[in-house]
Amino acid sequence: MVDDISHGDDSLHFLEDCLFYSVNAFSRQLLKMAEAGFAPLKLSPAHASFLLILYDNPGINPKKLGILLQLTPSTITRFIDALAKKKLVKRKKHGKTIAIFPTDKGLALKPAIARVYKDFYLNYARILGPETARNLARQIRGANADLAKVSSSDTGHDPDL
């Protein structure tokens, strides 16, 4: 019986020190907050991020979108399909390539998306403290870049594209 308890404690200790577990648990908490904020717009946080990139890069191709969002081509295709169905984005063919543009309806959401993201940031920065929120974002972004360099050398993918 004592062995069962100590084994359980070891597992809990391992999870407390496990970056994978901690980042995923933290991500789920942030996702809940973000989903609640974007619900009135009938957008997922991921679709809102997609649109934000598109606002600054109209005519971007799906491959570049995938690189910027760190998503697979199939996920990008699903995003484009879903947003096109809502008439928020449109595809334009340029020779062999496809360019993605926001529609007027999609552009009309820009201020609301920006407002939700600002409120979302202010909410979690209030909870965590603004300095902690900024430092966590920088540290995670840096760690992600470091991990991407290692995994890109294994796959031949250039993380800086």
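Residues numbered from 1 in each chain as written. Predicted model: local features only at pLDDT ≥ 70, side-chain atom pairs only at ≥ 80, totals over all residues. Heavy atoms only, no water.

Asker: Tell me about the overall build of the protein chain, residues and numbers included.
Answerer: The helix and strand tally for the protein chain stands at eight helices and two strands. For the protein chain, the N- to C-terminal ordering of α and β elements is α-α-α-α-α-β-β-α-α-α. Across the 161 residues in the protein chain, those meeting the buried criterion constitute 24%. Expressed as a percentage of contacts within the protein chain between residues at least 6 apart in sequence, the contacts between residues at least 24 apart total 52%. Here the protein chain displays about 11200 Å² of accessible surface, and carbon together with sulfur accounts for 60% of that area. (Helix = DSSP H or I, 4+ residues; strand = E, 2+ residues; numbered from the N terminus. Buried < 20%, exposed > 50% of the residue type's maximum accessible area, 1.4 Å probe, protein only. Contact = heavy atoms within 4.5 Å. Areas by Shrake-Rupley, 256 points an atom, 1.4 Å probe, with all protein chains shown as cover.)

Asker: Account for unusual backbone geometry, naming residues and giving values.
Answerer: The phi dihedral of lysine 42 falls on the positive side, at around 60 degrees, and the residue is not glycine. Assignment of secondary structure puts lysine 42 in the loop between helix 2 (19-38) and helix 3 (45-56). A positive phi angle, near 55 degrees, is found at glutamine 70, a position not held by glycine. Its relative accessible area of 58% is what places glutamine 70 among the exposed residues.

Asker: Please provide a residue-by-residue account of the side chain of histidine 47, values included.
Answerer: Relative to the elements of secondary structure, histidine 47 occurs in helix 3. Looking at histidine 47, the relative accessible area reads 12%, which means it is buried. Not counting residues up to four positions away in its chain, the partners in contact with histidine 47 are Phe79, Ala82 and Leu83.

Asker: Could you give me a rundown of a positive patch on the surface, with the residues and numbers involved?
Answerer: Taken together, the side chains of Lys42, Lys86, Lys87 and Lys105 make up a positively charged region of the molecular surface. By the secondary structure assignment, lysine 105 is in helix 6 (residues 104-108). (Patch = residues over 30% accessible without salt bridge, like charges linked within 9 Å, V, L, I, M, F, W, Y side chains within 5 Å. Salt bridge = Lys/Arg side-chain N within 4 Å of Asp/Glu carboxyl O. Lys, Arg positive; Asp, Glu negative; His and termini not counted. Charge placed at Lys NZ, Arg CZ, Asp CG, Glu CD.)

Asker: For the nonpolar core, give the residues involved together with the corresponding values.
Answerer: In terms of nonpolar packing, the biggest core is built from 21 residues, with Leu43, Phe50, Leu51, Val89 and Ile113 touching the most fellow members. Mapped onto this core, the elements with two or more residues apiece are helix 3, helix 4 (62-69), helix 5 (73-85) and helix 7 (110-128). Tallying contributions element by element places helix 3 first for this core, with six residues. If we ignore the near neighbours within four places in the chain, the residues touching isoleucine 113 are Phe38, Leu41, Leu43, Ala48, Leu51, Leu52 and Tyr55. Core analysis: the next-biggest nonpolar cluster, separate from the first, contains five residues, Phe120, Tyr124, Ala125 and Ala133 among them. (Core = buried A, V, L, I, M, F, W, Y, C linked by side-chain atoms within 4.5 Å.)

Asker: Summarise the packing of aromatic side chains; cite the residues concerned and give the values.
Answerer: Within the structure shown, the criterion is met by four aromatic pairs. Residues phenylalanine 38 and tyrosine 117 carry aromatic rings whose centres are separated by 5.0 Å and whose planes lie at 65 degrees to one another, so their mutual orientation is edge-to-face. Linking phenylalanine 38 in helix 2 with tyrosine 117 in helix 7, this pair joins segments that are 79 residues apart in sequence. Among the residues examined, tyrosine 117 registers a relative accessible area of 23% and is labelled partly exposed. Centroid distance phenylalanine 120 to tyrosine 124: 5.1 Å. Interplanar angle 75 degrees. Geometry classified as edge-to-face. You can see phenylalanine 120 and its partner tyrosine 124 sitting in helix 7, four residues apart, about one turn around the helix. (Phe/Tyr/Trp six-rings, centres within 6.5 Å; stacked < 30°, edge-to-face > 60°.)

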